[in-house]
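Report on the structure
Residues per chain are reported as follows:
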Amino acid sequence: MPLESVCDGPNPAINELLDQVLLVDHHVHSIISGRIDAAAFVGLLSESDRPAAARAAGWDSQLGFAVRRWCAPLFGLERHATREAYLEHRLPMTNEAAAGVLLPAAGLDELLVDTGYRPDRLVDVDRLGRLSGARVRTIVRLESVAEDVARSGVGAAAYAQTFRDALEVAMTTSVGWKSVIAYRHGLDFDPTPPSDSEVATAAGAWLRAIEATGTVRLTDPVLLRFGLWEGARTGRPVQVHVGFGDTDLDLYRADPALMTDFLRATEAVCPVMLLHTYPFQRNAGYLAQMFGHVYLDVGLAVNHTGAASDLIIRESLELAPLPKVLFSSDAWALPELHLLGSVLFRRGLSRAVGAWVAAGDWSLADARRVIEGIASGNATRVYGLRPVS
Ligand SMILES: [Zn+2]
C-alpha cells in the first residue's frame, strides 16, 4: 500500500507481505456524503447512538487515538496530532475529498458493500469504488427487501411469493445476503423455516400495523425467519450480524452459539458468514470448526479496539480453520474507518502470525498461504468472486 510501513511484527517477510497485500473487504459500507461537523465526527467514533455517550467517550478511545496516529500523517499533519489540529484540517473537507486521500492508502482490491443501512446519507457504491480504486459488489439486506415488499402495497397472501421474486431480482446485481436478525429479534430465534400460511398470517398483522402506525420496520420473528431461510435457500452466502453493535442490540442475545440449531439446519444449504463476532470471536471460531459452512471475521471490533486489536485478531485464529477467516472493516460513514480497518488488521495480523513464524511454530510458506487467504482468497472462493475485466 502506498503508505508508510504499518506492520511491526517480529518477522520481516511477514511484515513486508502484509504491508503490500491487497484486501477484499467482505463487509463494508459506504461513506456519508458532504461535510460533517465536529459533533457528528465524534459521534461516528462511537457505536452508541446516544450523543451524550459519544461526547463522554469523545476522542479518548482506542479509535480516537488510532485516527490521530494513522490518519493525521496522510493529511500532512504530525502523528498523534491534537484533535483540534485534526479537525481544523479535516472539517473544511468534504467526506469525499477526505476519502480521496485515505481510501487509496488502504490497499483495497474489492469491496462487498452492505447497502442496507441509511443509503440516503451515503455516496453510491460506484463512487466509493472509484475513490478506493477497488472493484465493488453489493450485499443485500434481507430485512430491507422485506420492508420494500411491505411498502409495495402487497397483500398478505402474496407476501411470500413477492418476497421470493424480489430476491431473485436482487440476485442479479449482488453476491450475498445480510441479516440483522440479531438487532430485530436476537439470535435465539426458532431455527425452522415457517410455512407459507404462517408467513401470510404474520404478514397480515405486520401490514395492518404499518397502516396504523406508518412505520415500516420488520421485527416480526416469523417474517425475519422467513427472510433468513429464503436467503439461505438461494445458496448464496448469508452474512449474519453477530456481537457488538449499537444500543438497539441486546448483546447477550447476539452470541452466535444461540443459533447453533440454525447452523445445523443449514449445513447443506448455504455458507453462513458470522460478522464482527466480538466479544464472541472464540464462540464463532468454535462454530467455524464444527460446521463446514460457517465463516467469521472480526471487523468493526478491530477499529474500535485500536492498539488492542491484535489480541482479538489472534483469538480469531485459535480454533477456526484458517480458510474460514475473512477480512472485513465494517467501516461506515467516515473514510477514516475504511483506512483504519485495513491498517489495524494488517498490523495485528503481522504481530500474531509473525510471532508464530519467528518462534518456528509455523513455516513461512504456510503463513503466506494463510495471509493470502484471509486477505482475499477466502472471500473470493466463498462468494465466487471473479475478476471483472
Ligand atoms: Zn456493518
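First, a word on scope: everything that follows refers to the structure included in this document. (Residues numbered from 1 in each chain as written. Predicted model: local features only at pLDDT ≥ 70, side-chain atom pairs only at ≥ 80, totals over all residues. Heavy atoms only, no water.)

Of all bends in helix α18 (residues 364-382), the biggest is about 65°, found at I374. Taken residue by residue, α18 has A367, V370, I371, G373, I374, A375, S376, N378, A379 and V382 as its buried positions. The elements touched by buried residues of α18 are α1 (12-20), β1 (23-28), β6 (272-276), β7 (294-296) and α17 (335-358). Taken from the residues just after α18, G384 is the one with a positive phi, measuring 65°. (Bend = angle between axes of the 7 residues up to and from the residue. Helix = DSSP H or I, 4+ residues; strand = E, 2+ residues; numbered from the N terminus. Buried < 20%, exposed > 50% of the residue type's maximum accessible area, 1.4 Å probe, protein only. Contact = heavy atoms within 4.5 Å.)

Here the focus is the layout of surface pockets. Taken as a whole, the largest pocket spans an internal volume of roughly 1300 Å³. Taken together, 47 residues line the largest pocket, and the ones lying closest to its centre are Y117, R118, R141, D246 and W332. Mapped by element, the contributors of at least two residues to the lining of the largest pocket are α2 (38-43), α3 (51-57), β3 (135-141), α8 (142-151), α10 (181-184) and α15 (301-305). In terms of residue count, α8 provides more of the lining of the largest pocket than any other element does, 6 residues in total. For the lining of the largest pocket, the class distribution of residues is 17 nonpolar, 13 polar and 17 charged. Taken as a whole, the second largest pocket encloses approximately 190 Å³ of empty space. Lining the second largest pocket are 14 residues, and of these W70, G306, A307, L344 and R347 sit closest to its centre. Contributing elements (two or more residues each) for the lining of the second largest pocket: α4 (62-71), α16 (309-315) and α17. Looking at the lining of the second largest pocket element by element, the count peaks at 5 residues for α4. In terms of residue class, the lining of the second largest pocket is built from 5 nonpolar, 5 polar and 4 charged. (1 Å grid on protein atoms, 1.4 Å probe; cavity = no way out; pocket = protein on both sides within 12 Å on 5 of 7 lines; lining within 4 Å. Points joined across faces, edges and corners; volume = space filled by probe spheres on them. Nonpolar A, V, L, I, M, F, W, Y, C, P; charged D, E, K, R; others polar.)

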